[in-house]
Structure formats: structure tokens, C-alpha cells
Amino acid sequence: MLILLAGIITQERAVSAIDFNTIGLLIGMMVIVGITRHTGVFEYLAIIISRLWRQ
């Protein structure tokens, strides 16, 4: 935002530099993790891994 306000690059060039596929992937992963977190999967995996680690 500062680069745009300072006039170093134009808004069109800034938008063209954004990789929307990567942003879509990150948003999709955050949604999946947000849903999965409520199911207790991560806690379950942590318990299983800690039991395996102790052996």
C-alpha cells in the first residue's frame, strides 16, 4: 500500500503482480483447517503421535 501511495508502481501493475491461484489455495487451506479444528482431529493426531514417540 505504501508503494502505491508513494507512486512507485501503478495500481494496475500491483494487481498484475498478485498470484490469485496462490491466494485461493491459502484461503481454501484455511477453511479446511478451520473446519477440521472443530472436529478434534488435530488433538487426536497429537495424542497418537506422542504415544508412538514414547515407544
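Summary of the structure given here. None of the values given here were measured: they were computed from a predicted structure. (Residues numbered from 1 in each chain as written. Predicted model: local features only at pLDDT ≥ 70, side-chain atom pairs only at ≥ 80, totals over all residues. Heavy atoms only, no water.)

## Quick word on the overall build of the protein chain
Condition: Helical segments are the DSSP runs of H or I of at least four residues, strand segments are the runs of E of at least two, and each set is numbered from the N terminus. Radius of gyration here is computed from C-alpha atoms only, and the compact-globule reference equals 2.2 Å multiplied by the residue count raised to the power 0.38. Throughout this description, buried means an accessible area under 20% of the type-specific maximum (1.4 Å probe, protein chains only), exposed means over 50%, and partly exposed covers the range between. Accessibility throughout is a Shrake-Rupley quantity obtained with a 1.4 Å probe, and a residue counts as covered only by protein chains that appear here.
A count of helices and strands for the protein chain gives four helices and zero strands. For the protein chain, the N- to C-terminal ordering of α and β elements is α-α-α-α. Over its C-alpha atoms the protein chain spans a radius of gyration of 20 Å, topping by over 25% the 10 Å that the globule rule assigns to 55 residues. Counting only C-alpha atoms, the protein chain reaches 60 × 20 × 15 Å along its principal axes. Within the protein chain, the fraction of its 55 residues that count as buried is 2%. For the protein chain, the accessible surface area stands at approximately 5300 Å², while carbon and sulfur atoms represent 70% of it.

## Observations concerning a nonpolar patch on the surface
Here is the rule we go by: Nonpolar side chains (Val, Leu, Ile, Met, Phe, Trp, Tyr) are joined into patches within 5 Å and like charges within 9 Å, using only residues with over 30% relative accessible area and no salt bridge. What makes a salt bridge here is a side-chain nitrogen of Lys or Arg within 4 Å of a carboxyl oxygen of Asp or Glu, nothing more.
On the surface, a nonpolar cluster with roughly 850 Å² of combined accessible area is contributed by V15, I18, F20, I23, L26, I27, M30, V31 and I35. Element by element, the count of residues in the nonpolar patch is highest for helix α3 (residues 20–37), at seven residues. Structurally, I18 can be placed in the loop between α2 (11–16) and α3. Judged by relative accessible area, I18 falls into the partly exposed class, the value being 38%.

## What about the packing of α3 against helix α4 (residues 41–54)?
To be explicit about the condition: Only the stretch in contact is used when a helix axis is fitted, and all axes are lines through C-alpha atoms; the angle between N-to-C directions ranges over 0 to 180 degrees. When an angle is under 35 degrees it counts as roughly parallel; over 145 it counts as roughly antiparallel; between 65 and 115 it counts as roughly perpendicular; any other value is oblique. Residues count as neighbours in contact if any of their non-hydrogen atoms are within 4.5 Å of one another. The residue classification treats Ala, Val, Leu, Ile, Met, Phe, Trp, Tyr, Cys and Pro as nonpolar and Asp, Glu, Lys and Arg as charged. All others, Gly included, are polar.
The interhelical angle for the contact between α3 and α4, taken along N-to-C directions, is 75°, at an axis separation of 7 Å. Taken together, α3 and α4 sit at an angle that is classed as roughly perpendicular. Of the residues in α4, those touching α3 at V33, T36 and R37 are V41, F42 and E43. Here the contact of α3 with α4 is composed, by residue class, of three nonpolar, one polar and two charged.

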